[in-house]
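# Reading the structure
As a plain string of letters, each chain reads:
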Amino acid sequence: MRKHFYLLLSTCFLLLYAVTAQRGVNWQDSGEFHYRVLVHDYSWVSGIAIAHPAYIVSADLFSSLFPDACRFYAINLFSGLGMVLALILLARLLTLFRLKTSTVILTVLTLGLSHMAWWLSTIAEVYTWSLAFLMAELLCVAQLCVRNSEGGHQEKLPPQAPKDIVLWLLLALLNGLHASFHNFAFLNLPVYAVLFAYLQWRRSLLQSIALLLLTACAWFLGACLLVALFFLEWSVTHSFMATLKSLLFSHEFESVVTGARAINWSLAKMNLALAIISFVSPAWLFVCFAGRTRRTYSCLKLTLLGLTAIHGLFWIRYFVPDQVTFLLPTLGLLAIWAGIGLDSLTLGRKQLVVLGTAILLCAITTPLLLNNILLVKQGGVKRVRELPFRNESSYWLYPWKQNERSAALFVEEARKLLKEGDLLIADNTAAGPLMAAQAAGLLTPNIRIITFFTGETEAELLSLVEKKERVYIVSPVAGYASPALLTGWFQFEKEGVLYRIRKVRHD
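Residues numbered from 1 in each chain as written. Predicted model: local features only at pLDDT ≥ 70, side-chain atom pairs only at ≥ 80, totals over all residues. Heavy atoms only, no water.

### Looking at the overall build of the protein
Our working rule: Runs of E in the DSSP output that reach at least two residues are strands. Runs of H or I that reach at least four are helices, and both are numbered from the N terminus. Using C-alpha atoms as the atom set, the radius of gyration is obtained and then compared with a globule rule of 2.2 Å times the number of residues to the power 0.38. Accessible area is worked out with a 1.4 Å probe on protein chains only. A residue is then buried under 20% of its type maximum, exposed over 50%, and partly exposed in between. Only the protein chains shown count as covering a residue, and every accessible area follows the Shrake-Rupley method with a 1.4 Å probe. In this tally, Asp and Glu contribute negative charge and Lys and Arg positive charge; neither His nor the terminal groups of the chain are included. Charge positions are represented by NZ for Lys, CZ for Arg, CG for Asp and CD for Glu.
Looking only at helices and strands, one finds 21 helices and five strands in the protein. Taking 2.2 N^0.38 as the reference for a compact globule, 507 residues should give roughly 23 Å; the C-alpha atoms of the protein span a radius of gyration of 25 Å, in line with that estimate. Counting over 507 residues, the protein shows a buried share of 54%. For the protein, the exposed area adds up to about 23800 Å²; of that, 65% sits on carbon and sulfur atoms. Here the protein contributes 42 positively and 31 negatively charged side chains, and the mean placements of these two sets differ by 12 Å.

Structure representation (structure tokens):
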């Protein structure tokens, strides 16, 4: 019965994410992931923290199973596959709590249909796989807590069971591999360290140290790709501290992680508003009832509480333009609490059916209603600059992306305009789809694209602009173009989806 349940669960959600996955290339980080997979770039240029080497390798292998014409879709679908795995592991974790089958189903529906989980499952992103690893790690933690709770009041515990050793090694291995997918793995380590100390403190010190060394070896084995990048960069920088900062913060996000950078409150409010959409479902109210069962599985629940606090605090204070996408681990952990709270109540069959229907309706109708309200009241979301073909409100509000082709249409129109030998200057948002399209052969390789990761200085950029006959830019707007181009020495003429740069004569 349980095997059939997991099969049905995975099939339904895989079909949902496969049908609603974006068919082509996308903007921003998603476009960069498309590009990196196509050119087999496992290190990137912005630091180890955002290299995600294991994700690039895995997405490359998965997408290689598809025809070349479907590679963009396959890379997008890979995110949905990660989310399906996360949901299956969530269901398995909830069964360890001995929750009712109806509770497990409703909890999985709540997370799988939540706005940001669905949204991130349809484009190329790493967060769904990070959540899958978090759920796998929690399965190891749950079994360790349950197995060691029986001897909680004994003065002297028996020798470490072989299965416990295997679970610790598997937990370390998974977290190391998780780190090679995303830095979220590092946030879990302090909680695991406290758990290790709690479960080992009455055992032999020598055995505990030996187990700790073994788990460290298992972690480094899982994180071997990340460790390789660390030593590779260290060999170039010859600075351990600089390389360590690259591992923890990359080359550009240290001030954001440490809270030293000024906060863009308008962006922060927009991200908070988008995050709230993921919680527009009555099922999330059951988080409030999770404390009713605090006396059972106390060790595991304290571990869950620590992880929820760390991930929640990290997200709420991580003020980056795409802050809402970092919500997923917190969302997954809160789903566990919602399941525990729901199971503590006695609900009839009709009430459960109504709740399941409400979860489904909220997931579909909330984005549609909010988009219509925004269009009627203020004509949609307005930003400093507009991207060609992209409707900002529907882009961010609709988790289904099967009809979202703005980046692909932009690339098609740019291809019609550009000729061999042209120079194109693109900001971070537009660079990804352009570079990915060029790597896929949709743009001629003889067009030079300059963006943040190609490494030109402002002096080199100005020299290229003055020498080239035909130079284009995507957005000649402050924040999206080099300040050197906005000094008044150049004018920008709109041509199709791009702007032609011409030097202004000063007589």
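### Quick word on a nonpolar patch on the surface
Selection criterion: Residues forming no salt bridge and having over 30% relative accessible area are the ones grouped into patches, like charges within 9 Å of each other and nonpolar side chains (Val, Leu, Ile, Met, Phe, Trp, Tyr) within 5 Å. Salt bridges are defined by distance alone: a side-chain nitrogen of Lys or Arg within 4 Å of a carboxyl oxygen of Asp or Glu.
Taken together, the side chains of Leu272, Ile276, Val280, Leu313 and Ile316 present a nonpolar region at the surface, about 440 Å² in accessible area. Within the fold, Leu272 resides in helix 14 (residues 265-277). On the basis of relative accessible area, Leu272 is assigned to the partly exposed category, the value being 41%.

### Some details on the pairing of strand 5 (residues 498-503)
Each regular strand displays side chains that alternate between the two surfaces of the sheet. Put simply, the test is: Two strands qualify as a pair provided DSSP detects at least 2 bridges between them.
In terms of strand pairing, strand 3 (residues 471-473) meets strand 5 through two bridges, oriented antiparallel. Across the sheet, residue Ile473 finds its bridge partner in strand 5, namely Tyr499. With six bridges connecting them, strand 4 (residues 490-495) and strand 5 associate as antiparallel partners. Paired with Phe490 across the bridge in strand 5 is Lys503. Two successive antiparallel strands, strand 4 and strand 5, enclose a turn made up of two residues, where Gly496 displays a positive phi of approximately 65°.

### What about unusual backbone geometry?
Despite not being glycine, His40 shows a phi value in the positive range, around 60°. With respect to the element layout, His40 can be found in the loop between helix 2 (28-39) and helix 3 (53-63). Residue classification places His40 among the partly exposed positions, given a relative accessible area of 45%. The phi dihedral of His238 falls on the positive side, at around 55°, and the residue is not glycine. In this structure, His238 sits in the loop between helix 11 (224-237) and helix 12 (240-249).

### A short note on the packing of aromatic side chains
Condition: Each aromatic pair joins two rings of Phe, Tyr and Trp (for Trp, the six-membered one) with centres within 6.5 Å, and gets the label stacked for planes under 30 degrees apart, edge-to-face for over 60, and tilted for any other angle. In this analysis the charged atom, NZ for Lys or CZ for Arg, is taken to sit over a ring once it is within 6 Å of the ring centre and within 35 degrees of the ring normal.
Applying the stated criterion across every chain, the model contains 36 aromatic pairs. Pairing Tyr35 with Phe453 gives two aromatic rings, centres 6.0 Å apart and planes at 25°, and the pair type is stacked. Taken together, the residues span a long stretch of sequence, with Tyr35 in helix 2 and Phe453 in the loop between strand 2 (448-450) and helix 21 (458-467) at a distance of 418 residues. Look at Phe279 and Trp284: their rings are 5.1 Å apart centre to centre, the planes differ by 65°, and that puts the pair in the edge-to-face class. In this structure, Arg385 packs its charged tip against the face of Tyr480, placed 3.9 Å from the ring centre. Of note, Lys401 hangs over the ring of Tyr395, and the distance from its end group to the ring centre comes to 5.4 Å.

### Remarks on the nonpolar core
Nonpolar side chains in soluble globular proteins tend to be buried together. The test is simple: Here, the term nonpolar core denotes a set of buried Ala, Val, Leu, Ile, Met, Phe, Trp, Tyr and Cys residues that are joined through side-chain atoms within 4.5 Å. Whether two residues are in contact is decided by their heavy atoms, any of which lying within 4.5 Å being enough.
Tyr55, Leu111, Leu138, Ile336, Phe410, Leu434 and Leu498 are the most contacted members of the largest nonpolar core, which totals 137 residues. Residue contributions to this core peak at 15 residues, all from helix 7 (residues 127-148). Aside from chain neighbours lying at most four places away, what touches Ile336 is Leu90, Leu93, Leu94, Phe97, Met135, Leu138 and Leu304. Among the nonpolar cores identified, the runner-up in size contains 14 residues, and Ala51, Phe186, Trp219 and Leu226 belong to it.

### What about the environment of Ser278?
Note on placement: Ser278 falls in the loop between helix 14 and helix 15 (298-316). Ser278 gets classed as buried once you look at its relative accessible area, which sits at 2%. For the pair formed by Ser278 and His115, sequence separation is 163 residues and the distance between their alpha carbons is 4.5 Å. Residue contacts for Ser278: discarding those within four places in its chain leaves Ser114, His115, Met116, Trp284, Leu327 and Leu331.

### Focus: the environment of Ile310
Among the secondary structure elements, Ile310 is positioned in helix 15. For Ile310 and Thr330, which are 20 residues apart along the polypeptide, the C-alpha to C-alpha distance reads 8.9 Å. When near neighbours in sequence (up to four residues on either side) are disregarded, Ile310 contacts Leu187 and Val191.

### Quick word on the pattern of salt bridges
This model, assessed by the stated rule, comprises 14 salt bridges. Measuring nitrogen to oxygen at the nearest pair gives 2.6 Å for the salt bridge that ties Arg147 to Asp164. Taken as a pair, Arg147 in helix 7 and Asp164 in helix 8 (residues 162-181) lie far apart in primary sequence, 17 residues in all. Taking relative accessible area as the criterion, Asp164 reaches 3% and is therefore assigned buried.

### So, helix 2
Here is the rule: Helices are assigned an expected span. That span is 1.5 Å times one less than the residue count.
The end-to-end C-alpha separation of helix 2 is 17 Å, in line with the 16 Å expected for 12 residues at 1.5 Å each. Burial analysis of helix 2 places nine of its 12 residues in the buried class, which makes it a mostly covered element. Looking only at helix 2, the buried set comprises Ser30, Gly31, Glu32, Phe33, His34, Tyr35, Arg36, Val37 and Leu38. Looking at the buried side of helix 2, the elements it contacts are helix 3, helix 4 (71-96) and helix 20 (428-439). Looking at the residues trailing helix 2, positive phi occurs at His40, about 60°.

Scope: geometric values only; no functional claims are made or implied.
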